[in-house]
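Close look at the chain arrangement
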Amino acid sequence: MKVNLKNNGYFVCVGYPLEEIGRKLSDKKFGKKVLVLTDKNVSTFYGKKVVQSLKKLGKKEVVLFEINPGEESKTFENTYKIICECFDFKMERIDTVLTLGGGVVSDLGGFVASIYLRGINFVACPTSLLAQVDASVGGKTGVDLPWGKNLVGSFYQPAFVYIDIKTLDTLPEREIKQGIAEVIKHGMIKSKNLIDFLEKFDFEKVKKKYRYIVEENVKIKGEVVEKDEKEKGLREILNFGHTFGHAVEITYLPKYTHGEAVALGMVGETFLSWKLGICKKETLDRLIKILKKYNLPYNVKEVKIRKVLSLMKYDKKVRQGKLRFVFPERIGKVKRGIEVTPGSILKK
Ligand SMILES: NC(=O)c1ccc[n+]([C@@H]2O[C@H](COP(=O)([O-])OP(=O)(O)OC[C@H]3O[C@@H](n4cnc5c(N)ncnc54)[C@H](O)[C@@H]3O)[C@@H](O)[C@H]2O)c1
Ligand SMILES: [Zn+2]
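Procedures and definitions
Residues numbered from 1 in each chain as written. Chains lettered and ligands numbered in written order. Predicted model: local features only at pLDDT ≥ 70, side-chain atom pairs only at ≥ 80, totals over all residues. Heavy atoms only, no water. Helix = DSSP H or I, 4+ residues; strand = E, 2+ residues; numbered from the N terminus. Rg over C-alpha atoms; globule rule 2.2 N^0.38 Å. Buried < 20%, exposed > 50% of the residue type's maximum accessible area, 1.4 Å probe, protein only. Contact = heavy atoms within 4.5 Å. Lys, Arg positive; Asp, Glu negative; His and termini not counted. Charge placed at Lys NZ, Arg CZ, Asp CG, Glu CD. Near = heavy atom within 4 Å. Polar contact = N/O pair within 3.5 Å; in protein donor to acceptor, adjacent residues only side chain to side chain. Areas by Shrake-Rupley, 256 points an atom, 1.4 Å probe, with all protein chains shown as cover. Nonpolar A, V, L, I, M, F, W, Y, C, P; charged D, E, K, R; others polar. Donors = N, O, S within 2.8 Å, 3.2 Å for Na, K, Ca; no water. Pairing = 2+ DSSP bridges. Axes fitted to C-alpha atoms, helices over the stretch in contact; angles between N-to-C directions. Core = buried A, V, L, I, M, F, W, Y, C linked by side-chain atoms within 4.5 Å. Patch = residues over 30% accessible without salt bridge, like charges linked within 9 Å, V, L, I, M, F, W, Y side chains within 5 Å. Salt bridge = Lys/Arg side-chain N within 4 Å of Asp/Glu carboxyl O. Parallel < 35°, antiparallel > 145°, perpendicular 65-115°, else oblique. Left-handed = near helix turned anticlockwise from the far one by under 90°. Right-handed = clockwise from strand over helix to strand, strands pointing away.

A few words on the overall build of the chain. When helices and strands are tallied, the chain shows 14 helices and eleven strands. Relative to a compact globule of 348 residues, whose C-alpha radius of gyration would be 20 Å, the chain shows 20 Å and is just as compact. Counting over 348 residues, the chain shows a buried share of 57%. In the chain, the proportion of contacts linking residues at least 24 apart, taken out of those at least 6 apart, comes to 76%. In the chain, the 64 positive side-chain charges and the 42 negative ones have mean positions that sit 3 Å from each other.

In the vicinity of ligand 1, 28 residues are found, and the nearest of them are Asp39, Glu71, Gly103, Ser128 and Thr170. Contacts to ligand 1 include Val104, whose backbone N or O atom sits 3.1 Å from an oxygen atom. A distance of 2.8 Å separates a nitrogen atom of ligand 1 from a polar atom in the side chain of Thr127. Relative to its unbound accessible surface of 860 Å², ligand 1 loses 92% to contact with the protein. Secondary-structure elements contributing two or more residues to the shell around ligand 1 are α2 (40-56), α4 (103-115), α5 (129-135), β8 (148-155) and α6 (173-190). In the shell around ligand 1, the residues fall into nine nonpolar, ten polar and nine charged.

Protein coordination at the zinc ion (ligand 2) comes from Glu182 (OE), His242 (NE2) and His258 (NE2), with a distance range of 1.9 to 2.1 Å. Each donor residue of the zinc ion (ligand 2) belongs to the same chain, with the gaps between them written as E-x59-H-x15-H. With Glu182 in helix α6 and His242 in helix α10 (residues 242-251), this residue pair connects regions lying 60 residues apart in the sequence. What makes His242 buried here is its relative accessible area of 7%.

Taken in spatial order, the seven strands make up an open sheet running β1-β2-β9-β6-β5-β3-β4, and their pairing is mixed. On the outer flanks of this sheet lie β1 (2-3) and β4 (61-67), each paired with one strand and no other. As judged from the seven bridges shared by strand β3 (residues 33-39) and β4, these two strands associate in the parallel manner. In the sheet register, Leu35 faces β4, and the bridge partner there is Val63. Docked against the sheet, α4 engages β3, β4, β5 (96-101) and β6 (121-126), running at close to 170° with respect to β5. Lying over the sheet, helix α9 (residues 210-227) contacts β1, β2 (10-14) and β9 (160-163), oriented at roughly 165° with respect to β2.

So, on to the nonpolar core. Ranked by size, the top nonpolar core spans 72 residues in total, and within it Val12, Leu35, Leu129, Ile184 and Tyr294 carry the most contacts. In contact with Leu129, other than residues within four places in its own chain, are Leu168, Leu171, Ile176, Gly179, Ile180, Tyr210 and Val214.

On to a positive patch on the surface. A grouping of Lys205, Lys208, Lys289 and Lys293 is seen on the molecular surface, where their side chains present a positively charged patch. Of note, Lys208 is situated in the loop between α8 (203-206) and α9. Residue Lys208 is classed as exposed on the basis of its relative accessible area of 73%.

Before going further, it helps to spend a moment on the pattern of salt bridges. All told, the structure shown has 24 salt bridges when counted by the stated rule. In this structure, the salt-bridge partner of Glu339 is Arg324, at a minimum N-O distance of 3.5 Å. Here Glu339, found in strand β11 (residues 333-340), pairs with Arg324, found in strand β10 (residues 323-330); they are 15 residues apart in sequence, far enough to count as distant. On the basis of relative accessibility, which here comes to 37%, the residue Glu339 falls in the partly exposed class. Each of the salt bridges in this network shares a partner with another, and the network as a whole consists of Glu71, Lys74, Asp107, Asp144, Lys149 and Glu249.

Interhelical geometry of α10 versus helix α11 (residues 258-275) gives an angle of 135° and a closest axis separation of 7 Å. The orientation of α10 relative to α11 falls into the category oblique. The hand of the α10/α11 crossing is right-handed. Taking contact as the criterion, the partners of His242, Thr243, Phe244, Gly245, His246, Val248 and Glu249 in α10 are, on α11, His258, Ala261, Val262, Leu264, Gly265, Gly268 and Glu269. Its residues assigned to classes, the contact of α10 with α11 shows five nonpolar, seven polar and two charged.

Quick look at the pairing of β5 now. Most of β5 is tucked away: six of the six residues are buried. Pairing geometry for β3 and β5, over five bridges, is parallel. When the bridges of β5 are listed, Thr38 appears paired with Leu100. Note on the crossover from β5 through α4 to β6: the handedness is right-handed.

Let's shift gears to the pairing of β11. Here β10 pairs with β11 via six bridges, running antiparallel. In the strand pairing of β11, Leu323 is matched with Val340. Linkage of β10 to β11, two consecutive antiparallel strands, is achieved through a turn of two residues, within which Gly332 is found at a positive phi near 90°.

Structure below.
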């Protein structure tokens with residue numbers, strides 16, 4: 001599938017075996033050297049496979065760089081360490097950083113690729129459901145600061161994205177669920193069909209439909225990014241559930257995964273949407289029902305709203321002290337750029 005961008009469009013290859021990745025990189029335009037960035041979990045399953053393929057089929061010199069798994073690794077410190085490794089490995093601009101793992105690895109590795117030598121080749125090989133349906137498309141890269149997530153970063157598109165659906169077989173159940181949260185988000189903003197589909201199936205059946213899910217989500221996200229690569233307008237809709245969700249995630253680290261926090265964020269934002277008369281109660285009820293079905297958190301009473309609000313003000317979308325939200329109008333349709341003051345949220 002192609003993501004058509006003005007200058008730097010690229011392919012998302014869905015359903016290719018990891019063992020073959022070296023072949024895809026065998027072209028001279030990917031340089032002689034590849035730094036594979038992965039985390040220690042993913043490395044135990046797939047590190048060797050990818051390195052061997054790059055050496056054998058791609059004829060590359062390869063360095064494997066492993067970080068600790070988890071959001072705590074998405075830091076400036078690790079950015080610097082990886083850059084030092086690139087330098088020691090004498091990587092040139094034509095060489096490639098390949099990320100093998102979830103969204104943490106692709107955000108961090110993409111960021112390094114975008115700033116080392118002012119930008120070297122970047123290939124993403126997402127292995128978590130969340131990264132396959134969301135993080136790997138759209139070119140947002142970056143790291144966290146103590147005050148909030150993704151506060152430093154860049155827009156940097158990969159040369160291509162390579163997805164082996166089979167990697168999801170080793171993904172722990174909680175991680176699959178958080179991927180489903182982003183799938184629900186895509187359904188809520190743009191595809192009633194996807195919501196109908198998730199309602200029709202259950203968790204076990206959905207596992208047999210990964211290919212459909214990944215392709216459908218890459219398509220939805222790709223279409224939005226094609227229209228607004230740098231988030232000047234429309235792309236904001238992808239942040240549904242995230243203004244609230246990011247603040248929950250950071251406030252309670254490491255209690256909620258990103259997807260779990262987004263699930264709570266979607267409920268919080270849909271609740272506000274209903275209270276402001278933008279959507280009907282029915283939309284909120286349907287969202288909650290589907291989150292329950294996939295065993296995702298939905299009870300916003302679990303979070304201390306004042307604490308979460310105090311972190312929301314660091315959100316990147318804050319304008320002149322007002323929080324900007326994306327609110328559902330109905331399933332599959334949202335309204336963006338709605339400004340709400342923190343004080344008025346407390347009253348709802
Ligand atoms: N750039 C974007 O557009 C974008 C979009 C959404 C999310 N994100 C970012 O993505 C991150 C969350 O991504 P994530 O949920 O993939 O987190 P993650 O990278 O931490 O991966 C989740 C866990 O799953 C493990 N894992 C991954 N693939 C596996 C596999 N195939 N088998 C076994 N274990 C595996 C990892 O080791 C990790 O423990 C957040 O930092 C979020 O901000 C970015
Ligand atoms: Zn997200």
